[in-house]
Amino acid sequence: QVQLVESGGGSVQVGDSLRLSCAASGRPLTFYTLAWFRQAPGKERDFVAVISWNGGNRFYADSVKGRFTISRDNSKNTVYLQMTSLNTEDTAVYSCAAAAEMYGSSRRESDYAYWGQGTQVTVSL
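On a predicted model such as this, the values are computed, not experimentally measured, just so you know. (Residues numbered from 1 in each chain as written. Predicted model: local features only at pLDDT ≥ 70, side-chain atom pairs only at ≥ 80, totals over all residues. Heavy atoms only, no water.)

Colleague: Just to check I follow, could you spell out the overall build of the protein chain for this structure?
Modeller: Counting its regular elements, the protein chain contains zero helices and eleven strands. For the protein chain, the sequential pattern of α-helices and β-strands runs β-β-β-β-β-β-β-β-β-β-β. Across its three principal directions, the C-alpha atoms of the protein chain cover 40 × 25 × 25 Å. Counting only residues that meet the buried cut, the protein chain has 43% of its 125 residues in that class. Sequence-distant contacts, at least 24 apart, represent 60% of the contacts inside the protein chain between residues at least 6 apart. By element, 46% of the accessible surface of the protein chain is carried by carbon and sulfur atoms, the whole surface being about 6500 Å². Between the mean site of the 12 positive side-chain charges and the mean site of the 11 negative ones, the protein chain shows a separation of 5 Å. (Helix = DSSP H or I, 4+ residues; strand = E, 2+ residues; numbered from the N terminus. Buried < 20%, exposed > 50% of the residue type's maximum accessible area, 1.4 Å probe, protein only. Contact = heavy atoms within 4.5 Å. Areas by Shrake-Rupley, 256 points an atom, 1.4 Å probe, with all protein chains shown as cover. Lys, Arg positive; Asp, Glu negative; His and termini not counted. Charge placed at Lys NZ, Arg CZ, Asp CG, Glu CD.)

Colleague: Looking at this structure, how should I read the side chain of Thr91?
Modeller: By the element assignment, Thr91 lies in the loop between β8 (78-83) and β9 (92-99). Polar side-chain contacts of Thr91 include one of 2.9 Å to the backbone nitrogen of Val123. (Polar contact = N/O pair within 3.5 Å; in protein donor to acceptor, adjacent residues only side chain to side chain.)

Colleague: Just checking my understanding: could you explain the side chain of Thr78 for this structure?
Modeller: Examined against the element boundaries, Thr78 turns out to sit in strand β8. Note on Thr78: relative accessible area 10%, which makes it buried. One polar contact links the side chain of Thr78 to the main-chain carbonyl oxygen of Lys76, over a distance of 2.9 Å. In contact with Thr78, other than residues within four places in its own chain, are Ser21, Cys22, Ala23, Arg72 and Asp73.

Colleague: Looking at this structure, I do not really get the sheet that holds strand β1 (residues 3-7). What am I missing?
Modeller: Sheet strands pair via backbone hydrogen bonds, and the direction of the pair is either parallel or antiparallel. Read across the open sheet, the four strands follow the order β1-β3-β8-β7; overall the sheet is antiparallel. In this open sheet, the two edge strands, each paired with only one partner strand, are β1 and β7 (68-73). Taking the axes of each pair of neighbouring strands and ignoring which way they run, one obtains an average angle of 15° across the sheet. Two strands pair when backbone bridges link them, and strand β3 (residues 18-25) and β8 are joined in this way by six bridges, in the antiparallel orientation. Its bridge partner lying in β8, Cys22 is registered against Val79. (Pairing = 2+ DSSP bridges. Axes fitted to C-alpha atoms, helices over the stretch in contact; angles between N-to-C directions.)

Colleague: Just to check I follow, could you spell out the pattern of salt bridges for this structure?
Modeller: Pairing between side chains of opposite charge can happen when the charged atoms of each approach one another. Scanning the model with the defined rule gives four salt bridges in all. The partner of Arg38 in a salt bridge is Asp90, and the shortest N-O contact between them spans 2.9 Å. With a gap of 52 residues between them, Arg38 in strand β4 (residues 33-39) and Asp90 in the loop between β8 and β9 connect regions that are remote in the sequence. Taken individually, Arg38 and Asp90 each receive the classification buried, so the pair is uniform in this respect. Asp111 is the partner of Arg108 in a salt bridge, and the nearest nitrogen-oxygen pair spans 2.9 Å. Judged by relative accessible area, Asp111 falls into the partly exposed class, the value being 32%. (Salt bridge = Lys/Arg side-chain N within 4 Å of Asp/Glu carboxyl O.)

Colleague: Sorry, what's going on with the packing of aromatic side chains here?
Modeller: Geometry of an aromatic ring pair is reported as the spacing of the ring centres plus the angle between the planes. One pass over the full model with this rule turns up six aromatic pairs. When the ring of Phe37 is compared with that of Phe47, the centres are 5.8 Å apart and the planes differ by 80°; the resulting orientation is edge-to-face. Of this pair, Phe37 sits in strand β4 while Phe47 sits in strand β5 (residues 46-51); the two residues are ten residues apart in sequence, bridging distant segments of the chain. The exposure classification of Phe37 matches that of Phe47, with both residues buried. The structure contains a cluster of three or more aromatic residues connected by ring pairs, namely Phe37, Phe47, Tyr112 and Trp115. (Phe/Tyr/Trp six-rings, centres within 6.5 Å; stacked < 30°, edge-to-face > 60°.)

Colleague: What am I meant to see in the environment of Asp16 here?
Modeller: Relative to the helices and strands, Asp16 is located in the loop between β2 (10-13) and β3. Apart from the residues within four sequence positions on either side, Asp16 is in contact with Met83, Thr84, Ser85 and Leu86. From its side chain, Asp16 meets the backbone nitrogen of Gln13 in a polar contact 3.0 Å long.

Right under this line is the structure:
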């Protein structure tokens, strides 16, 4: 089993930056594909970014490409999401997810077996 815990969320202003972290326990994430999703109030959960087991392949949703960066540190069993140029549309609960697949790059929620509880990000003027 894998347990994931997100942190780093908070309230910021438009244009600010924020770095989210997701720490894992239970077993190493070395061979797992890791992803970030987000869900705004009243909306479905959307894909944000995904990273391969060694960090060599990264893909992003069009809405965040060029502004967000996903990275991982397997020695710390942690995945990160660096967010810049935040706008009000980025307001959501951000959750990390893990799949037991080394080379996966799925954007589908159903492909991820392990999820964190989420961390709130609020962007205001």
